[in-house]
Amino acid sequence: MDVAESSILSRLKIGNRLPSPKGVALEVINLTQREDASNHDIVRLIGADPALSARVIKAANVLLTNPSRPIATIADAVTVLGVRALRQLVLGIALIVDYRHGPCKQFNYSHFWAHSLLTGIAAKHLVARARLAVAEEIFVLGLLGNIGQLALATAYPEEYGDVLEHAKGKALDELCRQEHDKFGCDQAELSGAILADMHFPKIFQALAHDFRQPECSKMAESSREWRLLHLLHAASLLADACLASPAERGKLVVKLRLYAARVAIETDHLIEIGDACVRDWLEWLELLNMGMVHIPPFAELLKQSDAADAAVEVPQWAHADQANYRMRVLVVEDDRAMLMLLEAMLKAAGHDVLVARNGVEAMHIVGQQHPQLVITEWTMPQMDGIALCRKLRESLERRDVYVIILNMQESVDRLVEAFEAGADDYLVKPVAQKVFFARLRAAQRVVQLQEELAFDREQLLRFSKDLAASNERLQRLALTDALTELPNRRFAMERLEQEWALSKRGDRTLSCMMVDIDYFKPINDKFGHQAGDEALKCVANTLRQSARAQDVVCRYGGEEFVVICPDTGIDAAYQCAERLRMNVAALKFKNQEAGIRLTISIGVAEKKEGVASIEELLNRADECLYAAKQGGRNRTVVEK
């Protein structure tokens, strides 16, 4: 329904019950709407009403922030403010003066104007700080933004009194619902329609319609209009907190702090703005002869939220994707309200949240909890966000942590500094909800990929270790005799090649023995191959235990063994061979049927002049072994 053309607005206009200026103020507003009106005509008309003139001049001085010189005349006010802002200012002053009281007993006119005035003042300061619009015009919008409620109370005192009585203590949306049921429109719709009838810009009409319930607005997120809407709502919350009873103030202050954080007004700035609002507000109350209200210093007022924090529900933000990869997120922020806001948004997105108030505290938590994502404010005590980022990048264990820097300033130099310090992303406050979750999803993709890569690296490392162990085992099996567990012939030949090269390069001695078990075939024939295997293992174990530490005992094949003796001449090799032979001969090997006496024959050869190869060395040792066999066995024969 277009409320501007609705029957209720028509009835209010026909019945002359619509809140509107009277007398000189009405003439001024009509004059300023004419294209041919000159500044001289406007000055002359306002000057005809001394009370209005004084109020306009004083109001202009209050509205203007740090003017080059005080405004002393109506002409100055017209020049500095401009015709449109002046018309709106005159309208606001006239309505306050003419509708300070009214017929609706349940409607508190004094509280309405005090709240509207404070909302306008707060909107002016907030918008001036954000540099989004003309502060003087936003002041009038804040002042008249809820004029629809005044219209309902003034035009339908008894009916609206009943609505207020039934909605007492209930939320705003319930009051609006009852207004709609009773009158066909609610206060927000009527406010927008009245401002349209007063020729306010369309954006002001939309803001007046939505600012009390901004969550229902269809304005594009992060647009200029969207930011104005939320600043205007923050101004209304500031007025709520200031004018609330001591019992209700705590919860309202928490709500204000959280909402201020959402529009990037941190506690220090909120205190500064709040104190300026109260000063201007008191001047306005004096200017309009309204009752004075005591409001404590804003720093003291904000402290009243401390006890109420636990009782207030943290807002849950829409559009959060709960199905995304769950992360451990560390939020580093020294402003309590901003910390609560970020924590709420992250939890709504399904993440585990850790909090720290500065970089030093954050580093301690990082060492213990190992977060995957760090969202840090730039400016903090002890260690700021840039120093924290550099500290994280210095450590091999923490350099993969995804870091998002938050800052109030949007400048190329700051952006470059953040990325050079190692930041992965940079967000400027106020952070729009959609932008925040889009950046968060980007961080999720990177973190998840890092986790998957780390898992793959661990798997590859484990597979590599397993493969190395398998290769080592296979190599050991390839070079080990399965029965005796001695190195096999292949190992013996590789080791002989190594020792041969060392002997040749270092002019060192090298000897080797060929060892054969005597009468082994009869053992297999008479007692079976199992007894033969046991005999082989017994001899192999004795040879291993009897050889020197530097000697290498290998099974050469069948019942034959080779012993490599590095750095050993023929005489020393002979003594070693005799020790081996005697230790084997001393064995008492028995099987289940009969005792078997084991002996060995040994041939010893030395690498010396004339021995050109490993094969020749082994052949000479084998010839000596053959001679030992021919000589009666159980003996050692050394090459002559």
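Analysis parameters
Residues numbered from 1 in each chain as written. Predicted model: local features only at pLDDT ≥ 70, side-chain atom pairs only at ≥ 80, totals over all residues. Heavy atoms only, no water. Helix = DSSP H or I, 4+ residues; strand = E, 2+ residues; numbered from the N terminus. Rg over C-alpha atoms; globule rule 2.2 N^0.38 Å. Buried < 20%, exposed > 50% of the residue type's maximum accessible area, 1.4 Å probe, protein only. Contact = heavy atoms within 4.5 Å. Areas by Shrake-Rupley, 256 points an atom, 1.4 Å probe, with all protein chains shown as cover. Lys, Arg positive; Asp, Glu negative; His and termini not counted. Charge placed at Lys NZ, Arg CZ, Asp CG, Glu CD. Pairing = 2+ DSSP bridges. Axes fitted to C-alpha atoms, helices over the stretch in contact; angles between N-to-C directions. Parallel < 35°, antiparallel > 145°, perpendicular 65-115°, else oblique. Nonpolar A, V, L, I, M, F, W, Y, C, P; charged D, E, K, R; others polar. Left-handed = near helix turned anticlockwise from the far one by under 90°. Phe/Tyr/Trp six-rings, centres within 6.5 Å; stacked < 30°, edge-to-face > 60°. Expected span 1.5 Å × (residues − 1). pLDDT = per-residue confidence, 0-100. Salt bridge = Lys/Arg side-chain N within 4 Å of Asp/Glu carboxyl O.

1. With respect to the overall build of the protein chain
Line of reasoning, step 1. Of regular secondary structure, the protein chain possesses 27 helices and 12 strands.
Line of reasoning, step 2. The C-alpha atoms of the protein chain give a radius of gyration of 48 Å, which is well past the 26 Å a tight globule of 640 residues would have.
Line of reasoning, step 3. Burial statistics for the protein chain: of 640 residues in total, 51% are counted as buried.
Line of reasoning, step 4. Intrachain contacts of the protein chain at a sequence separation of at least 6 include 68% that bridge at least 24 residues.
Line of reasoning, step 5. When the accessible area of the protein chain is evaluated, it comes to approximately 31,100 Å², of which 50% is carbon and sulfur surface.
Line of reasoning, step 6. With 77 positive and 88 negative side-chain charges, the protein chain shows a spacing of 4 Å between the two charge centroids.

2. Observations regarding the environment of Gly92
Line of reasoning, step 1. By secondary structure assignment, the location of Gly92 is in helix H6 (residues 83-98).
Line of reasoning, step 2. A residue is classified by how much of its surface remains accessible, and Gly92, at 1% relative accessible area, is buried.
Line of reasoning, step 3. With near-sequence residues (within four places) excluded, Gly92 lies in contact with Leu143 and Leu144.

3. Focus: the sheet that holds strand S5 (residues 425-428)
Line of reasoning, step 1. Spatial strand order, S2-S1-S3-S4-S5: 5 strands in an open sheet with parallel pairing. Two strands in the sheet have a free side with no partner beyond their single neighbour: strand S2 (352-356) and S5. Within this sheet the neighbouring strands show an average axis-to-axis angle of 20 degrees, counted without direction.
Line of reasoning, step 2. Bridge analysis of strand S1 (residues 328-332) against S2 gives 5 bridges, and the strand direction is parallel.

4. A short note on the packing of helix H4 (residues 50-63) against helix H16 (residues 267-287)
To characterise two packed helices, one gives the angle between the axes of the helices and the distance between these axes.
Line of reasoning, step 1. Running from N to C, H4 and H16 cross one another at 180 degrees; their axes reach a closest spacing of 11 Å. In terms of orientation, H4 lies roughly antiparallel with respect to H16. Contacts between H4 and H16 involve Ala54, Arg55, Lys58, Ala59, Val62 and Leu63 from the first element and Asp280, Glu283, Trp284, Glu286 and Leu287 from the second.
Line of reasoning, step 2. Looking at the contact of H4 with H16, its residues break down into 6 nonpolar, no polar and 5 charged.

5. Description of the packing of H4 against helix H5 (residues 74-81)
Line of reasoning, step 1. Two elements in contact, H4 and H5, have axes separated by 9 Å at closest approach and are oriented at 45 degrees. Taken together, the axis directions place H4 and H5 in an arrangement best described as oblique. The crossing of H4 and H5 is left-handed. Contacts between H4 and H5 involve Ser53, Val56, Ile57 and Ala60 from the first element and Ile74, Ala77 and Leu81 from the second.

6. Some points on unusual backbone geometry
Line of reasoning, step 1. The omega angle of the peptide bond from Lys429 to Pro430 is -5 degrees, so this bond is cis rather than trans.
Line of reasoning, step 2. On the secondary structure map, Pro430 appears in the loop between S5 and helix H22 (433-478).
Line of reasoning, step 3. In this structure, His199 is a non-glycine residue whose phi angle is positive, near 70 degrees.
Line of reasoning, step 4. By the secondary structure assignment, His199 is in the loop between helix H12 (187-197) and helix H13 (202-210).
Line of reasoning, step 5. Positive phi, normally seen in glycine, also occurs at Asp507, with a value near 50 degrees.
Line of reasoning, step 6. Topologically, Asp507 is positioned in the loop between helix H23 (489-506) and strand S6 (510-517).
Line of reasoning, step 7. Residue classification places Asp507 among the exposed residues on the basis of a relative accessible area of 73%.

7. Some remarks on the packing of aromatic side chains
Line of reasoning, step 1. Evaluated as defined, the whole model comprises 9 aromatic pairs.
Line of reasoning, step 2. Ring centres of Tyr160 and Phe183 lie 6.2 Å apart, and the angle between their planes is 45 degrees; on these two criteria the pair is classed as tilted. Placement of Tyr160 in helix H10 (residues 157-166) and of Phe183 in helix H11 (residues 172-183) is noted, with a sequence separation of 23 residues between them.
Line of reasoning, step 3. Exposure remark for Tyr160: the relative accessible area of 0% places this residue in the buried category.
Line of reasoning, step 4. Cluster of aromatic residues (ring-pair linked, three or more members): Phe107, Tyr109, Phe112 and Trp113.

8. Considering the sheet that holds S6
Line of reasoning, step 1. One open sheet accounts for 5 strands, arranged S7-S8-S6-S11-S12; its pairing is mixed. Single-partner strands in this sheet number two, and they are strand S7 (552-557) and strand S12 (636-638). Pairs of neighbouring strands in the sheet enclose a mean axial angle of 20 degrees, with direction left out of account.
Line of reasoning, step 2. Direction of pairing for S6 relative to strand S8 (residues 560-566): antiparallel, over a ladder of 7 bridges. Paired with Val515 across the two strands is Phe561, which belongs to S8.
Line of reasoning, step 3. Across the sheet, helix H27 (residues 614-630) lies against S6, S7, S8, strand S11 (600-606) and S12, angled at about 145 degrees from S11, the strand it touches most.

9. As for H4
Line of reasoning, step 1. Relative to the 20 Å expected for 14 residues at 1.5 Å per residue, H4 spans 20 Å between its end C-alpha atoms, a close match to the ideal helical length.
Line of reasoning, step 2. Regarding H4, the residues found buried are Leu52, Ser53, Arg55, Val56, Ile57, Ala59, Ala60, Val62 and Leu63.

10. Here's the deal with the pairing of S7
Line of reasoning, step 1. When you tally the buried positions in S7, you get 5 out of 6 residues, the bulk of the element.
Line of reasoning, step 2. Strand direction decides the pairing type here: S7 and S8, joined by 5 bridges, are antiparallel. Bridging across to S8, Gly557 finds its partner in Glu560.

11. Overview of the environment of Gly557
Line of reasoning, step 1. In this fold, Gly557 is placed in strand S7.
Line of reasoning, step 2. Separated by 175 residues in sequence, Gly557 and Gln382 have C-alpha atoms that sit 77 Å apart.

12. Some remarks on the confidence of the model for the protein chain
Line of reasoning, step 1. Here the protein chain shows a mean pLDDT of 84. Residues at 70 or above account for 92%.
Line of reasoning, step 2. Overall, residues 307-315 carries pLDDT values under 50, and its contacts beyond four positions in sequence, including any with other chains, amount to 12 contacts.

13. Some remarks on the pattern of salt bridges
Line of reasoning, step 1. Scanning all chains against the criterion turns up 23 salt bridges.
Line of reasoning, step 2. We note a salt bridge from Asp425 to Arg439, for which the minimum N-O separation is 2.8 Å. In this pair, Asp425 is assigned in strand S5 and Arg439 in helix H22, connecting sequence segments 14 residues apart.
Line of reasoning, step 3. Asp518 is the partner of Lys629 in a salt bridge, and the nearest nitrogen-oxygen pair spans 3.0 Å. With Lys629 in helix H27 and Asp518 in the loop between S6 and helix H24 (520-527), this pair connects stretches of sequence that are 111 residues apart. Exposure class is identical for Lys629 and Asp518. Each is buried.

14. Brief notes about the side chain of Asp76
Line of reasoning, step 1. As for its position among the elements, Asp76 is in helix H5.
Line of reasoning, step 2. When near neighbours in sequence (up to four residues on either side) are disregarded, Asp76 contacts Arg69 and Ile71.

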